[in-house]
Amino acid sequence: MMEANLRSLTDVDRLIHEPSRSIILAVLSAVESADFLYLQRETELTKGNLSVHLSKLEEAGFIEIEKTYRGKVPLTLCKMTEKGQEAFEKYLNQLKNFIEGSSAN
Amino acid sequence: MNPDLGKYQERAQKYWFMDGMAEIGFGLICIMLATLFIVENSFEQTPIRDLSFFILAVLGALVVRWIIQKIKEHSTYPRTGYISYKKGKANQKIVLIAIAFTAIIFIIQLYMILTDSIHIVAGPLIAGFIFAFIFSLFAYRSLVYRFYLFALLTLLFGGILSLSGIGDLIGAALLAALAGVTLIASGGITRWTFLQHNPLPGGNDGS
């Protein structure tokens, strides 16, 4: 029982399970889109690190990144894809099941 | 262990209200309504007067919204970033609730006309209900719970002003002015705190 519970945790998507990436997806799951600055403040990452994490999520098809301008100011908008939404919900369910399983044991 | 993800989702939901501009904007709309109620009171009641009042109120609200958006673009988003919200099921639910509420207000007014009880000074109470409803929607949507307190206060003041017999439009004007001043003060404090804690970062978004 305990072993099965632990195994359910090892099945989680490692790409999402990294703390900064899970924060990015949590934010994007609650909104239509968020810009680079907002995500940087929430994750407390450097610009370079955040760019790397965003690229990984984009490569996995979990988010879309749009580079645009607001007036003359460059703006990078991030938006969660349907695939990303499904993967994130699955991840949250797996975490929830693990926590419930742990407290039952 | 991973961070409390719910906290980040909640903060994103509250973000529109975090800089105080939404409160200040709604406060300005309330002051504008109070002014319009007073002006309206000095004219004889005609359908043209009521229609003009309605059009002016809507136009005024749109202008205030536009100004707030511009201030956010120049002062808030460069400090803490930009978020756009989903126009999905949550908004549809709010729109449905708003339609139901408007229908209830119309039914009450129709009932008062049909039963010839229009002489009752119910204007401030109805205005109180409307303000309380809008504040509750704000609180529900933004998870900023002080709006529930504002809702309770406007309902209470609406009832008191109705009982005082001060008059429909003057009572509604007083209520709108009180709500406006409270919102501008509350929004002003929020704005000041926001600006103190979030200085302008240098450079662009760096991506």
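The rules behind these values
Residues numbered from 1 in each chain as written. Chains lettered and ligands numbered in written order. Predicted model: local features only at pLDDT ≥ 70, side-chain atom pairs only at ≥ 80, totals over all residues. Heavy atoms only, no water. Helix = DSSP H or I, 4+ residues; strand = E, 2+ residues; numbered from the N terminus. Expected span 1.5 Å × (residues − 1). Bend = angle between axes of the 7 residues up to and from the residue. Buried < 20%, exposed > 50% of the residue type's maximum accessible area, 1.4 Å probe, protein only. Contact = heavy atoms within 4.5 Å. Patch = residues over 30% accessible without salt bridge, like charges linked within 9 Å, V, L, I, M, F, W, Y side chains within 5 Å. Areas by Shrake-Rupley, 256 points an atom, 1.4 Å probe, with all protein chains shown as cover. Salt bridge = Lys/Arg side-chain N within 4 Å of Asp/Glu carboxyl O. Pairing = 2+ DSSP bridges. Phe/Tyr/Trp six-rings, centres within 6.5 Å; stacked < 30°, edge-to-face > 60°. Lys NZ or Arg CZ within 6 Å of the ring centre and 35° of its normal. Axes fitted to C-alpha atoms, helices over the stretch in contact; angles between N-to-C directions. Parallel < 35°, antiparallel > 145°, perpendicular 65-115°, else oblique. Left-handed = near helix turned anticlockwise from the far one by under 90°. Polar contact = N/O pair within 3.5 Å; in protein donor to acceptor, adjacent residues only side chain to side chain.

Engineer: Hey, could you run me through helix α3 (residues 47–80) of chain B in this one?
Structural biologist: Count 3.6 residues to each turn of an α-helix, and residues three or four apart come out pointing the same way. The end-to-end C-alpha distance of α3(B) is 47 Å, a good match for the 50 Å that 34 residues give at a rise of 1.5 Å each. In the structure, α3(B) departs most strongly from a straight axis at K72(B), where the bend amounts to approximately 45°. By the burial criterion, the buried members of α3(B) are R49(B), F53(B), A57(B), G60(B), V64(B), I68(B), K72(B), S75(B), T76(B), Y77(B), R79(B) and T80(B). For α3(B), the elements touching its buried residues are α4 (36–43) and β2 (63–70) of chain A together with α2 (21–41) and α7 (168–197) of chain B.

Engineer: Help me understand a nonpolar patch on the surface, please; the structure alone is not making it clear to me.
Structural biologist: Residue and element names in this part refer to chain B. Judged by side-chain polarity, I38, L149, L153, L156, F157, I160, I166, I170, L174 and L178 come together as a nonpolar surface patch covering roughly 850 Å² of accessible area. Broken down by element, the nonpolar patch gets its largest block of residues, five residues, from helix α6 (residues 146–164). Relative to the helices and strands, L153 resides in helix α6.

Engineer: Can you help me understand the sheet that holds strand β1 (residues 33–35) of chain A in this one?
Structural biologist: As a general point, the strands of a sheet are linked pairwise by backbone hydrogen bonds and lie either parallel or antiparallel. In space, the four strands of this open sheet follow the order β2(A)-β3(A)-β1(A)-β1(B), with antiparallel pairing throughout. Edge positions in the sheet fall to β2 of chain A together with β1 (83–84) of chain B, since each has one partner strand and no second. As paired strands, β1(A) and strand β3 (residues 73–80) of chain A are joined by two bridges and run antiparallel to one another. Residue pairing across strands places D35(A) opposite L77(A), the latter belonging to β3(A).

Engineer: Can you walk me through the packing of aromatic side chains in this structure?
Structural biologist: By convention here, two paired aromatic rings are described through the distance between centres and the angle between planes. Residue and element names in this part refer to chain B. Counted according to the given criterion, the structure contains 15 aromatic pairs over all chains. Taking the centre distance of 6.2 Å and the plane angle of 10° together, the rings of Y145 and Y148 count as stacked. Taken together, the ring pairs connect F17, F26, F131, F135, F138, F147 and F150 into an aromatic cluster. Just above the ring of W16 sits the side chain of K72; from NZ or CZ to the centre is 4.2 Å. The residue whose ring lies beneath R146 is F147, and the NZ or CZ to ring-centre distance is 5.9 Å.

Engineer: Even after reading the chapter, I still don't get the packing of helix α3 (residues 19–30) of chain A against α4(A), so can you show me in this structure?
Structural biologist: In helix packing, the relevant descriptors are the interaxial angle and the interaxial distance, both defined with respect to the helix axes. Residue and element names in this part refer to chain A. It is the contact of α3 with α4, at a shortest axis distance of 10 Å, that shows an interaxial angle of 130°. The orientation of α3 with respect to α4, classified from their angle, is oblique. By crossing handedness, the relation of α3 to α4 is classed as right-handed. On the side of α3, the interface is formed by S20, I23, I24, V27 and L28, while α4 contributes Y38, L39, E42 and T43.

Engineer: So what exactly am I meant to see when it comes to the interface of chain B and chain A here?
Structural biologist: Interface size is commonly expressed as the accessible area that is lost once the parts come together. In this assembly, 24 residues from chain B lie in contact with 31 residues from chain A. There are one salt bridge connecting chain B and chain A. We note a salt bridge from E42(A) to R11(B), for which the minimum N-O separation is 3.1 Å. Seen at the junction of chain B and chain A, the total is seven residue pairs in polar contact (both at pLDDT 80 or more). Examined bridge by bridge, β1(A) and β1(B) share two bridges and lie antiparallel to one another.

Engineer: Explain the pattern of salt bridges here, please?
Structural biologist: Two side chains that carry opposite charge are able to pair once their charged atoms sit near each other. Under the counting rule described, the total for this entry stands at seven salt bridges over all chains. With a shortest N-O distance of 3.1 Å, K79(A) and E32(A) are connected by a salt bridge. On the criterion of sequence distance, the pair formed by K79(A) in strand β3 and E32(A) in the loop between α3 and β1 is long-range, its members being 47 residues apart. For D19(B), the salt bridge is made with R191(B), and the minimal N-O distance between the two is 3.3 Å. In this pair, D19(B) is assigned in the loop between α1 (5–14) and α2 and R191(B) in helix α7, connecting sequence segments 172 residues apart.

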